[in-house]
Amino acid sequence: MVAAFIWISLLPDDAAWRATLLRWGTLSGSVTEWRAALRDQRLLTLLSALFIHLGPVHLIGNLLFLFIFGLPAERSLGPWRFLLLFLAGGALANLAAALLMGTPARAIIGASGGVSAVIGAYLALFPTARLGVVVPLGLWLEFIKVPAALLIGLWAVLQLAFTFVGPSFGAVAWWAHLAGFVVGFFYALALKPMLARRARGG
């Protein structure tokens, strides 16, 4: 992601930047259009779009969430299952966003779909975990532990609300966040019995 961001930052002008987004981003479209994609290279953009970001805030935000939720999820799943989670979850999330966005030929980019899959997997793997958050109390900042399920649940509700009435309505692929979250949750849920047996040495 960082390498792709540096590469895009070095493009000579806005025209090259837009051409890169259209070439490597996932373009929204109808089911018929995506059925035709089976015969060309458009399917590859479901993956390549995960590594392209609009700016440093977009990139750092996704990397931060990936760091918080990805490290424990990767330790539990193992590196290859985690890589499959991120790539497959992100690709399916981008496809869902492309089909449901409503506006044709919009470029969908960013790792949000894959990161959302990781968040969903984290909730399935660690349903009773607690996360530390900093709460401003007047002039003081208080560090407290909050159930991860509560924070993730609030996040998921916000994604659903933003899908219809949120900021940047129609420009942010909120559907990718929701789809990735669902894919990641059920992926990890399906693997939990096997992971438990492995932990017991069975």
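Residues numbered from 1 in each chain as written. Predicted model: local features only at pLDDT ≥ 70, side-chain atom pairs only at ≥ 80, totals over all residues. Heavy atoms only, no water.

### Observations concerning the side chain of Ser28
Inspection of the secondary structure assignment puts Ser28 in the loop between strand 1 (26-27) and helix 3 (31-36). There is a polar contact of 2.9 Å between the side chain of Ser28 and the backbone nitrogen of Arg106. Contacts of Ser28, omitting those with residues within four sequence positions, involve Trp34, Arg42, Ala98, Met101, Thr103, Pro104, Ala105 and Arg106. (Helix = DSSP H or I, 4+ residues; strand = E, 2+ residues; numbered from the N terminus. Polar contact = N/O pair within 3.5 Å; in protein donor to acceptor, adjacent residues only side chain to side chain. Contact = heavy atoms within 4.5 Å.)

### Regarding a nonpolar patch on the surface
A contiguous nonpolar patch, built from Leu64, Phe65, Phe67, Ile68 and Leu71 and spanning about 460 Å² of accessible area, is present on the exposed surface. Overall, the relative accessible area of 39% leaves Ile68 in the partly exposed class. (Patch = residues over 30% accessible without salt bridge, like charges linked within 9 Å, V, L, I, M, F, W, Y side chains within 5 Å. Areas by Shrake-Rupley, 256 points an atom, 1.4 Å probe, with all protein chains shown as cover. Salt bridge = Lys/Arg side-chain N within 4 Å of Asp/Glu carboxyl O. Buried < 20%, exposed > 50% of the residue type's maximum accessible area, 1.4 Å probe, protein only.)

### Things to note about the packing of aromatic side chains
Summed over all chains, the structure comprises six aromatic pairs. Aromatic side chains Phe65 and Phe69 sit 6.1 Å apart centroid to centroid with 25° between the ring planes, which places their arrangement in the stacked category. Of this pair, Phe65 and Phe69 both sit in helix 5 (residues 56-77), four residues apart, which is roughly one turn of that helix. With a relative accessible area of 36%, Phe65 lands in the partly exposed category. Among the aromatic side chains, those forming a connected cluster through ring pairs are Phe65, Phe69, Tyr122 and Phe126. Here the guanidinium or amino end of Arg23 rests over the ring plane of Trp24, the centre of that ring lying 4.2 Å away. (Phe/Tyr/Trp six-rings, centres within 6.5 Å; stacked < 30°, edge-to-face > 60°. Lys NZ or Arg CZ within 6 Å of the ring centre and 35° of its normal.)

### Quick word on the packing of helix 7 (residues 112-125) against helix 9 (residues 174-200)
Where helix 7 contacts helix 9, the axes come no closer than 6 Å and their chain directions differ by 40°. Classified by the angle between their axes, helix 7 and helix 9 sit oblique to one another. Every pair of crossing elements has a handedness; the one defined by helix 7 and helix 9 is right-handed. Judged by residue contacts, Ser112, Gly113, Ser116, Ala117, Ile119, Gly120, Ala121, Leu123, Ala124 and Leu125 of helix 7 engage Ala176, His177, Gly180, Phe181, Gly184, Phe185, Ala188, Leu189, Lys192 and Leu195 from helix 9. Its residues assigned to classes, the contact of helix 7 with helix 9 comprises 12 nonpolar, seven polar and one charged. (Axes fitted to C-alpha atoms, helices over the stretch in contact; angles between N-to-C directions. Parallel < 35°, antiparallel > 145°, perpendicular 65-115°, else oblique. Left-handed = near helix turned anticlockwise from the far one by under 90°. Nonpolar A, V, L, I, M, F, W, Y, C, P; charged D, E, K, R; others polar.)

### What to know about the confidence of the model for the protein
With 88% of its residues at a pLDDT of at least 70, the protein reaches an overall mean of 86. Across the protein, helix 7 holds the top mean pLDDT of 95, while helix 3 sits lowest at 74. For residues 167-171, every residue scores under 50 in pLDDT, and the model assigns this stretch nine contacts once sequence neighbours within four places are set aside. (pLDDT = per-residue confidence, 0-100.)

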